[in-house]
Amino acid sequence: MLREKKYILLVLGMFLIFLLLNCTSAYGEDGFEGKKILVLSSYDVENQWEVSVVEGFKSKLASENSIKFEYLDSKVSSSESYGDSFLNLLNLKYKSDGIDCILAIDDEAFNLIRLNLFNEDMFFYKKPIIFVGVNNYVSLSFEESKYMTGLMEYQDNSLMMEIIEKEHKKLEDVYILLDKSIYSQTIKKDIETILPMAEVPFNYHFIESSYFSEVLDRVSDINEKTSALYLCGTYMAEDSIMMPSKDVVRLIRETTKSPLYTKLDHYVESGAIGGIINDGRKLGATAAILLERFTEEFGEISITPLYNTYNTSLFNYKVMTEYNINPLKLPKNTTYINKGPFDLLLPRYLIILVWMTVAFIFIGVIFAIYSSYKSKKKAQYNRLLFIESEERNKIRTDFIITLSHELRTPLNIIINSGQLLIDRTERSEFNISFFIEKLKFIIRNSDRLLKYINNLIDASKLEIGYMNVKFNNSNIVYLLEDTTLAIVDTAEKHNLEVIFNTEEEEIITAIDEEKICRVLLILLSNAIKFSKESGSIYVDISRDEQNIVIKVMDNGIGISENIQQSIFEKFKRVQSVSSLTVDQEGSGLGLYIAKGFVQLHNGNINVESEVNKGSAFIVTLPIVIVEDNPNDSPFTEDELKRLVKLELSDI
Ligand code: ADP
């Protein structure tokens, strides 16, 4: 058993060793199968265009490949000895390690490699070389083309000049800002060739320097109104450190108002207007594809260097609008950065026109909505007015009918009683009790008529604000008690109990005694009218710091909630079935007058009621003291009697 286990372990171990050996052989001696690529840039690590070439290159490169980076930094020195020393250093670094192929970016790196292509001591001897961004025309020998190929940069400065010419009609000078690189020299050569042929209406000048301060000095001298700038170089500060693109653009724009065009995308992003730029990313991506093909069939094929056409029109929308650049004059496939979704690609005057039209339409729509809303509101208002006036008409008609009835009933009684008295007198039938009864009828109904007429006059006075009020400091408790007691007889005749309740003996406050007496009488006469058989009427007086509160309660028929507030309006009478009054009609003015009188005292009146349970009218009056007017005659007992007689005349 133990022996069998040992065999199994041995076989498993051998299998694992076999697998491990197979794996390492698949990945080469050091476990790595991809290519080792050296990217050799002409400038330093900050050079934006070269950075974007590398980005594009990496994006298309198979992941198993590895990349090393070296920077020639040719702007610091371009001497032969510097180049030789640089290569010697790289040789020390990469000779033993073994680089599979090289990507040379820009002219300087390309030239250095090309010069040493057949040097047997160099680490790249007979290795595939790809180059990009080479500006000078390259004609490779047959032997060279076996080992190197690449993409040459196609300069499209003529299109740029055409755009500058179209956009600035009054232009006299164009300043082309260059550095000392081969790239800059190629641009210079290109422009010197094309501009005389193009017969442009402006002069052109080259400002060439590796140092930004020198460039800025020259720029500060130009006539900013008639000049344009074409920024193509990258610059160093005094300390030989590369100037960041943002600082270059900012400082130029601070120095001159002349429009600033460029050939480099990082300047467009930093605030230059725009230009025909060479798309480094696309170029890098194509270089990666070219490298794959060239290394795969290395030694078997040669590929003639190609001119790339990755020239794209790139403009900064925000900066463009600042300089009033017309987008309609730019190439059709222009890419815009800093452009919002509502930014229009039109000249400024058209943008203003479009927005004005939009604003006009918007205002028009708002106005139309507003007008329709207004007319709807007006129609609604008119309808309300119509309903209101209909209601007012109905109230008026009802009032006239009621009033005629109210006036006619007592008048008929008076006329009939008078006629009966005349008939009896003519027949000499003098029955004293009959006479007294009829004369009482006449007096009571005359009082009833007088009450209606007084109410009509008071309501009109209240409406026009012409009510005369005499305020005197009086004991209101005393007045209310007397008034309540004065209706007890009438209430008892209708089998109703009257209870007056208060803990206050005396509350002196400024009131018009007659009016407060009328208020209480109106409430009490209603309480009698709308009580049920054997009901009770309570009058309760209380006070707090500032107010006196008068409650008149009954346990009568009550008032439904939906009409509780409208009973205080003029001529509002509610159809109710009273169990006590023979004639349940009224003028509908009582509560209107009561409310008016209370308000004259700066008080208020409210109702709480439940149908079939009863009602409570609550009057609140502020307690105030005024200076007594000695000319005002006091409210007498006779006057109280007269008011009671009138107010209860229809009960
Ligand atoms: P009127 O002078 O005709 O009595 P009011 O203005 O005094 O008119 O009262 C208006 C209406 O309020 C009355 O028609 C009646 O329906 C209702 N009302 C007033 N007081 C009471 C009450 N205590 N109980 C029930 N209904 C009442």
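Residues numbered from 1 in each chain as written. Predicted model: local features only at pLDDT ≥ 70, side-chain atom pairs only at ≥ 80, totals over all residues. Heavy atoms only, no water.

Undergrad: Could you give me a rundown of the overall build of the chain, with the residues and numbers involved?
TA: Looking only at helices and strands, the chain features 18 helices and 20 strands. Referenced to the eigenvectors of the C-alpha coordinate spread, the extents of the chain come out at roughly 170 × 100 × 45 Å. Looking at the chain as a whole, 45% of its 651 residues qualify as buried. For the chain, restricting intrachain contacts to residue pairs at least 6 apart in sequence, the fraction spanning at least 24 positions comes to 74%. Accessible surface, the chain as shown: approximately 36,000 Å² in total, 55% of it carbon and sulfur. (Helix = DSSP H or I, 4+ residues; strand = E, 2+ residues; numbered from the N terminus. Buried < 20%, exposed > 50% of the residue type's maximum accessible area, 1.4 Å probe, protein only. Contact = heavy atoms within 4.5 Å. Areas by Shrake-Rupley, 256 points an atom, 1.4 Å probe, with all protein chains shown as cover.)

Undergrad: Before we move on, can you summarise the environment of N157 with the specific residues and values?
TA: Counting through the fold element by element, N157 comes out in helix α6 (residues 157-167). For N157 and K188, which are 31 residues apart along the polypeptide, the C-alpha to C-alpha distance reads 9.7 Å. The residues contacting N157, other than those within four sequence positions of it, are I187, D190, I191, I194, Y230 and K263.

Undergrad: Describe the sheet that holds strand β11 (residues 306-307), with residues and values.
TA: Pairing is parallel in the open sheet, where six strands are placed in the order β2-β1-β3-β4-β5-β11. The open sheet has two edge strands with one neighbour each: β2 (66-71) and β11. In terms of strand pairing, strand β1 (residues 36-41) meets β2 through six bridges, oriented parallel. Counterpart to S41 in the pairing with β2 is Y71. Those strands touched by helix α2 (residues 48-60) are β1, β2, β3 (101-105) and β4 (129-134), and its axis lies near 145° from that of β3. Sitting on the sheet, helix α3 (residues 80-94) touches β1 and β2, and the angle it makes with β2 is about 155°. (Pairing = 2+ DSSP bridges. Axes fitted to C-alpha atoms, helices over the stretch in contact; angles between N-to-C directions.)

Undergrad: Could you give me a rundown of the side chain of T256, with the residues and numbers involved?
TA: Following the sequence through the fold, T256 ends up in the loop between α9 (245-255) and β9 (260-262). Polar contacts involving the side chain of T256 include one to the main-chain amide nitrogen of S258, which spans 3.0 Å. For T256, the residues in contact, after removing those within four places along its chain, are V219, I222, E224 and L229. (Polar contact = N/O pair within 3.5 Å; in protein donor to acceptor, adjacent residues only side chain to side chain.)

Undergrad: With reference to specific residues and values, describe the pattern of salt bridges.
TA: On inspection of all chains with the given rule, the structure shows 21 salt bridges. Linking R281 and E55 is a salt bridge whose minimum nitrogen-to-oxygen distance equals 3.2 Å. Placement of the pair is R281 in helix α11 (residues 280-296) and E55 in helix α2, with a sequence separation of 226 residues. Among the residues examined, E55 registers a relative accessible area of 40% and is labelled partly exposed. (Salt bridge = Lys/Arg side-chain N within 4 Å of Asp/Glu carboxyl O.)

Undergrad: An account of the sheet that holds strand β18 (residues 547-554) is requested, with residue identities and associated values reported.
TA: If you walk across this open sheet you meet the five strands as β15-β17-β18-β20-β19, and the pairing is mixed. The open sheet is flanked by β15 (497-502) and β19 (604-610), the only strands paired with a single partner. Neighbouring strand axes in the sheet, compared pairwise and without regard to direction, differ in orientation by 15° on average. Sheet topology note: the β19/strand β20 (residues 614-622) ladder contains seven bridges and is antiparallel. Within β20, the residue paired with E610 across the bridge is G614. Packing against the sheet, helix α15 (residues 476-493) makes contact with β15, β17 (536-543), β18 and β20, and its axis sits at approximately 170° to β15. Each of β19 and β20 touches helix α17 (residues 590-600); the most contacted strand, β20, lies at about 25° to it.

Undergrad: Which residues make up the confidence of the model for the chain, and what are the values?
TA: Across the chain, the average pLDDT comes to 88, with 92% of residues at 70 or higher. A low-confidence stretch, residues 15-32 (pLDDT under 50), is modelled with seven contacts involving residues beyond four sequence positions or located in other chains. Counting interchain partners and residues more than four positions distant, the pLDDT-below-50 stretch residues 576-583 has 23 contacts. (pLDDT = per-residue confidence, 0-100.)

Undergrad: A description of a negative patch on the surface should follow, citing residues and the corresponding values.
TA: On the surface, E214, D217, D221, E238 and D239 cluster together to form a negatively charged patch. Relative to the helices and strands, D217 is located in helix α8 (residues 212-219). Exposure remark for D217: the relative accessible area of 53% places this residue in the exposed category. (Patch = residues over 30% accessible without salt bridge, like charges linked within 9 Å, V, L, I, M, F, W, Y side chains within 5 Å. Lys, Arg positive; Asp, Glu negative; His and termini not counted. Charge placed at Lys NZ, Arg CZ, Asp CG, Glu CD.)

Undergrad: A description of helix α16 (residues 513-529) should follow, citing residues and the corresponding values.
TA: Over its 17 residues, α16 extends 24 Å from the first C-alpha to the last, a length consistent with the 24 Å expected when each residue adds 1.5 Å. With 15 of 17 residues buried, α16 lies mostly within the body of the structure. (Expected span 1.5 Å × (residues − 1).)

Undergrad: Break down a nonpolar patch on the surface for me, with residues and values.
TA: Taken together, the side chains of F342, V354, W355 and V358 make up a nonpolar region of the molecular surface, amounting to roughly 390 Å² of accessible area. Checked against the element boundaries, F342 lands in the loop between β13 (335-337) and α13 (348-426).

Undergrad: Could you give an account of the side chain of E167, with specific residues and numbers?
TA: Relative to the assigned elements, E167 resides in helix α6. Within the structure, the side chain of E167 is placed 2.9 Å from the backbone nitrogen of N326, a separation counted as a polar contact.

Undergrad: So what about α17? Which residues, and what values?
TA: Of all eleven residues making up α17, eight are buried, and the element is well covered by its neighbours. Residues of α17 that are buried include every one of G590, L591, Y592, I593, A594, G596, F597 and V598, and no others. In this structure, the buried residues of α17 make contact with α14 (432-464), α16, β19 and β20.

Undergrad: So, the packing of α16 against helix α18 (residues 637-647): which residues are in play, and what are the values?
TA: A pair of packed helices is captured by two measures, namely the crossing angle of their axes and the spacing between those axes. Between α16 and α18, the shortest axis-to-axis distance is 10 Å and the interhelical angle comes to 30°. Between α16 and α18 the crossing geometry is right-handed. Every residue of α18 that contacts α16 at E514, C517, R518, L521, I522 and S525 is listed here: L640, L643, V644 and E647. Split by residue class, the contact of α16 with α18 holds six nonpolar, one polar and three charged. (Left-handed = near helix turned anticlockwise from the far one by under 90°. Nonpolar A, V, L, I, M, F, W, Y, C, P; charged D, E, K, R; others polar.)

Undergrad: Tell me about the packing of aromatic side chains, and please be specific about residues and values.
TA: In this structure the tally under the stated criterion is twelve aromatic pairs. Here the aromatic rings of Y94 and F123 are separated by 5.6 Å at their centres, their planes lie at 40°, and the arrangement is tilted. Here the residue Y94 occupies a position in helix α3, and F123 occupies one in the loop between α4 (106-115) and β4, the gap between them amounting to 29 residues. Here Y94 and F123 have matching classes, each one buried. (Phe/Tyr/Trp six-rings, centres within 6.5 Å; stacked < 30°, edge-to-face > 60°.)

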